[in-house]
Amino acid sequence: MFLRLRIERDVSRGTFPKGKVPARRQLTRDEGGSVAIEFAFIAAVFLTILFGIMSYGFQFATRIALSYAVTEGGRAAVAGLDGAERETYATAAMTRALDAYSPLVDPALAQMTFTQGTSAAGDTLEIGIDYTDARFSFLPFVPTPEETIRVETTFVVADPSG
């Protein structure tokens, strides 16, 4: 009887004898798994942002690589003496530049264009690359670039002697 009164009295004060904590109260005070649950919430958001940044990084790096290839093609084409030689130099330079970025850019997917014309300033060379690659759509929440990425530049070849 004395033991029973003591347990009831401790319950009324909110304290329990050693080893006599009810399971319901023990579960509400146990914080052992809360860190794992908080990490799961934070990790999902963090990984979403991280992979979104990586996806956009690949898209921008591809556009920069294509711009570099077009620029190199224009520089090489200016050295040619006639239209056929300029196109050969430009195509070779663009192929070398795309091969240098081979892990990022697949040269087989690039369609190179070369158009010659004339203007008041001199001969014009319009050099471009049409690139189609579906590797950038690996995340459903990141917008993908256009189906075909077009990069082009117009170069003017002028005779400095007038």
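Keep in mind the model is a prediction, meaning the values are calculated, not measured.

## Comments concerning the overall build of the protein chain
In step 1: Across its full length, the protein chain carries four helices and three strands.
In step 2: Sequence-ordered secondary structure for the protein chain, helices as α and strands as β, is α-α-α-α-β-β-β.
In step 3: Out of the 162 residues in the protein chain, the part that is buried amounts to 25%.
In step 4: For the protein chain, contacts bridging at least 24 residues in sequence account for 60% of all contacts bridging at least 6.
In step 5: Total accessible area on the protein chain is roughly 11,300 Å²; 61% of this is exposed by carbon and sulfur atoms.

## Brief notes about the nonpolar core
In step 1: Grouped together as the largest cluster of nonpolar side chains are 21 residues, with contacts concentrated most on Leu 66, Leu 98, Val 105, Ile 127 and Ile 129.
In step 2: When residues of this core are traced back to their parent elements, those giving at least two are helix 3 (34–78), helix 4 (83–100), strand 1 (110–119), strand 2 (122–131) and strand 3 (149–157).
In step 3: Ranked by residues supplied to this core, first place goes to helix 3 with five residues.
In step 4: In contact with Leu 66, other than residues within four places in its own chain, are Leu 98, Val 105, Ile 129, Tyr 131, Ile 149 and Val 151.

## Structural notes on the pairing of strand 1
In step 1: Where strand 1 lies against strand 2, ten bridges are found, and the strand directions are antiparallel. Bridge assignment links Thr 113 to a residue of strand 2, and that residue is Gly 128.
In step 2: Connecting the antiparallel pair strand 1 and strand 2 is a turn made up of two residues.

## Considering helix 4
In step 1: Its 18 residues place the ends of helix 4 26 Å apart at the C-alpha level, agreeing with the 26 Å of an ideal helix rising 1.5 Å per residue.
In step 2: Residues of helix 4 that are buried include every one of Arg 86, Ala 90, Ala 93, Met 94, Ala 97 and Leu 98, and no others. In a view along the axis of helix 4, the buried residues occupy a sector of 130 degrees, so they form one face of it. Among the exposed residues of helix 4, those pointing more than 90 degrees away from its buried face are Ala 84, Thr 88 and Arg 96.
In step 3: In this fold, the buried residues of helix 4 make contact with helix 3, strand 1, strand 2 and strand 3.

## Some details on the pattern of salt bridges
In step 1: Within the structure shown, the criterion is met by four salt bridges.
In step 2: A salt bridge links Asp 130 to Arg 150, with the nearest nitrogen and oxygen atoms 3.1 Å apart. Separated by 20 residues along the polypeptide, Asp 130 in strand 2 and Arg 150 in strand 3 bring together distant segments of the chain.
In step 3: Residue Arg 150 is classed as partly exposed on the basis of its relative accessible area of 34%.
In step 4: Of the charged contacts, one joins Arg 150 and Glu 152 as a salt bridge, the two residues approaching to 2.8 Å between their closest N and O atoms.
In step 5: Judged by relative accessible area, which is 42%, Glu 152 ranks as partly exposed.
In step 6: By sharing partners, the salt bridges in this structure join Asp 130, Arg 150 and Glu 152 into a single network.

## Notes on the confidence of the model for the protein chain
In step 1: For the protein chain, per-residue confidence averages 81 on the pLDDT scale, and 75% of positions sit at 70 or higher.
In step 2: Across the protein chain, element-level confidence peaks in helix 4 with a mean pLDDT of 93 and bottoms out in helix 1 (residues 2–13) with 50.

Conventions we followed
- Residues numbered from 1 in each chain as written.
- Predicted model: local features only at pLDDT ≥ 70, side-chain atom pairs only at ≥ 80, totals over all residues.
- Heavy atoms only, no water.
- Helix = DSSP H or I, 4+ residues; strand = E, 2+ residues; numbered from the N terminus.
- Buried < 20%, exposed > 50% of the residue type's maximum accessible area, 1.4 Å probe, protein only.
- Contact = heavy atoms within 4.5 Å.
- Areas by Shrake-Rupley, 256 points an atom, 1.4 Å probe, with all protein chains shown as cover.
- Core = buried A, V, L, I, M, F, W, Y, C linked by side-chain atoms within 4.5 Å.
- Pairing = 2+ DSSP bridges.
- Expected span 1.5 Å × (residues − 1).
- Arc of directions from axis to C-beta.
- Salt bridge = Lys/Arg side-chain N within 4 Å of Asp/Glu carboxyl O.
- pLDDT = per-residue confidence, 0-100.

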